[in-house]
Amino acid sequence: MEQKTSERAGHIRLINPRTDLREIADLVELCFKETIDEDGRDYIRYLRKLAANAHSYSWGGRYPMTSFAQIQGFVYEIDGNIVGNLSMIPFHKNGEFIYLVANVAVHPDFRRKRIALDLTSQSLKYAKGKGAKSVWLQVRDDNPPAIELYSKMGFVEKCRRSTYTISPTTKLKDYLGYGIRIKRRTNQEWNQHKHWLREVYPDDVGWNLGLREKSFEPGFWNFLTRFFSGVSIKNLSIYRDNTLIGFASLEKTNLYADNIWIACPEEFDDMVIRASIPSFRNSTYFVRPQTINFPIGRGTKAFEDLGFVKNHTLIWMEERISPNGFLSEK
């Protein structure tokens, strides 16, 4: 596992959640300080909280291994200091075991020395050894060097998605578009809602966005499941004259922002977005930040006009693992 060149000498090793988390949190914060969003800050705070717990438990107590179990990945270490990090998050996607590579961070003083490439190569070998079917990652569309690196390693672009967030202080007026009517979604409309949801949030993205189709389903038992799970979703149907043109859902979360899910044909994006967002905000007593993930280029002007801020556009990339191995020596 040693990686040495004339310019650097270091090694890759597995993350040790008991000792590495504070240093990893500092590195991730340093590397992404210009682009990090609130969810990213939450993740850094989470790492530091786990690091503090690990320190307190080191005084003779038992380690909270259930909390540490989800921290997987590799670090690149030079002279006892962590200068590179790569996190690996296991998922099950349509019955397949896969990994998502995240938080690929290299200290600014050690960039352009193949550290990110070495970490990613190691993650691919690790995933293959664990029987994963593929490895996914997300890279910002304004990071050409990283895009080129991953493409050369065999990752294939699958889609591009933009994420927008609106502040709770933004005031909106109801949409007065001609013939627009908003009402609660009925049970009979669920099949159409499901069809459009799957078009806007296909399998290649839904698994990583936290979209749980069951949460949208009507019915008494599903209501009870949501109630006892603490899930709260409000579903709206949007009509133009007497024609159903789309659906919008507001999902309460325990994260920084609540989720908005828009499901409609592309030609109705503008009307559905402009009608549903003010309706959600004007009918809710306590408004939190709200966020939405949407296909790149769709609904952009409507989101901007309503006061949403685009956080980023991410390119989703995948590398498949074949039974005979797909990895070449990098």
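None of the values given here were measured: they were computed from a predicted structure.

> Help me out: how do you make sense of the overall build of the chain in this one?
Each helix and strand in the chain was counted, giving 10 helices and 13 strands. The 330 residues of the chain split such that 48% are buried. Once local pairs closer than 6 in sequence are excluded, the contacts in the chain between residues at least 24 apart make up 72%. When the accessible surface of the chain is totalled, it reaches about 17,500 Å², and 50% of it is carbon and sulfur.

> Explain the pattern of salt bridges to me, please; I cannot follow it from the model alone.
Where charged atoms from two side chains of opposite charge come close, those side chains can pair. Under the criterion given, the structure shown has 25 salt bridges. Residue Lys-158 pairs with Glu-318 through a salt bridge whose shortest N-O separation is 3.8 Å. A residue pair is termed long-range when its members are at least 10 positions apart, and Lys-158 in strand β7 (residues 156-166) and Glu-318 in strand β13 (residues 309-320) qualify at 160 residues. Between Arg-274 and Asp-305 there is a salt bridge; the shortest N-O distance is 2.8 Å.

> Looking at this model, I keep getting lost on the packing of aromatic side chains. Mind explaining?
For any pair of aromatic rings, the description consists of the separation of the ring centres together with the inter-plane angle of the planes. A complete count under the given rule lists 13 aromatic pairs for this structure. Arranged with centres 5.3 Å apart and planes meeting at 70°, the rings of Phe-303 and Phe-308 form a pair that is edge-to-face. Taking relative accessible area as the criterion, Phe-308 reaches 6% and is therefore assigned buried. One aromatic cluster is present, formed by Phe-74, Phe-97, Tyr-99 and Tyr-126 through successive ring pairs. In this structure, Arg-181 packs its charged tip against the face of Tyr-239, placed 4.8 Å from the ring centre.

> Honestly, the confidence of the model for the chain in this entry has me stumped. Any pointers?
Segments scoring low in pLDDT should not have their predicted coordinates read at a detailed level. On average, residues of the chain score 87 in pLDDT, and 88% of them are at 70 or above. The element-level mean pLDDT for the chain is lowest in strand β1 (residues 2-4), coming to 44, with helix α6 (residues 190-200) highest at 97. Across residues 1-6, confidence stays below pLDDT 50; counting only partners more than four residues off in sequence or on other chains, it has 15 contacts.

> Explanation requested: the nonpolar core in the structure shown.
Counting 45 residues, the largest nonpolar core has Tyr-201, Ile-262, Ile-292 and Phe-308 as the members making the most contacts within it. Here this core gets six residues from one element, more than from any other, and that element is helix α9 (residues 269-282). Apart from the residues lying within four places of it in its own chain, the contact partners of Ile-262 are Val-200, Tyr-201, Phe-247, Ala-248, Val-272, Ile-273, Ser-276, Ile-292 and Phe-294. In this structure, Ile-78, Tyr-99, Ala-116 and Val-135 belong to the second largest nonpolar core, which totals 28 residues.

> In this structure, what is going on with the side chain of Glu-77? I would like to understand it.
Of note, Glu-77 is situated in strand β3 (residues 73-78). The class for Glu-77 is buried, based on a relative accessible area of 13%. Setting aside chain neighbours within four positions, we find Glu-77 in contact with Gly-10, His-11, Arg-13 and Ile-82.

> What am I meant to see in helix α5 (residues 144-152) here?
For an α-helix the count is 3.6 residues per turn, leaving residues at separations of three or four pointing the same way. The complete set of buried residues in α5 reads Ala-146, Ile-147 and Tyr-150. Along α5, the residues classed as buried sweep out an arc of 100° about the axis, all on the same side. Among the exposed residues of α5, those oriented more than 90 degrees off its buried face are Pro-144, Pro-145 and Lys-152. One or two positions beyond α5, positive phi appears at Gly-154, with a value near 110°.

> So what exactly am I meant to see when it comes to unusual backbone geometry here?
With the exception of glycine, the majority of residues adopt a negative phi angle, and the majority of peptide bonds are in the trans configuration. For Asp-79, which is not a glycine, the phi torsion comes out positive at approximately 55°. Within the secondary structure, Asp-79 is located in the loop between β3 and β4 (81-93). Judged by relative accessible area, Asp-79 falls into the exposed class, the value being 75%. Even without being glycine, Asn-103 reaches a positive phi, approximately 55°.

What counts and how
- Residues numbered from 1 in each chain as written.
- Predicted model: local features only at pLDDT ≥ 70, side-chain atom pairs only at ≥ 80, totals over all residues.
- Heavy atoms only, no water.
- Helix = DSSP H or I, 4+ residues; strand = E, 2+ residues; numbered from the N terminus.
- Buried < 20%, exposed > 50% of the residue type's maximum accessible area, 1.4 Å probe, protein only.
- Contact = heavy atoms within 4.5 Å.
- Areas by Shrake-Rupley, 256 points an atom, 1.4 Å probe, with all protein chains shown as cover.
- Salt bridge = Lys/Arg side-chain N within 4 Å of Asp/Glu carboxyl O.
- Phe/Tyr/Trp six-rings, centres within 6.5 Å; stacked < 30°, edge-to-face > 60°.
- Lys NZ or Arg CZ within 6 Å of the ring centre and 35° of its normal.
- pLDDT = per-residue confidence, 0-100.
- Core = buried A, V, L, I, M, F, W, Y, C linked by side-chain atoms within 4.5 Å.
- Arc of directions from axis to C-beta.

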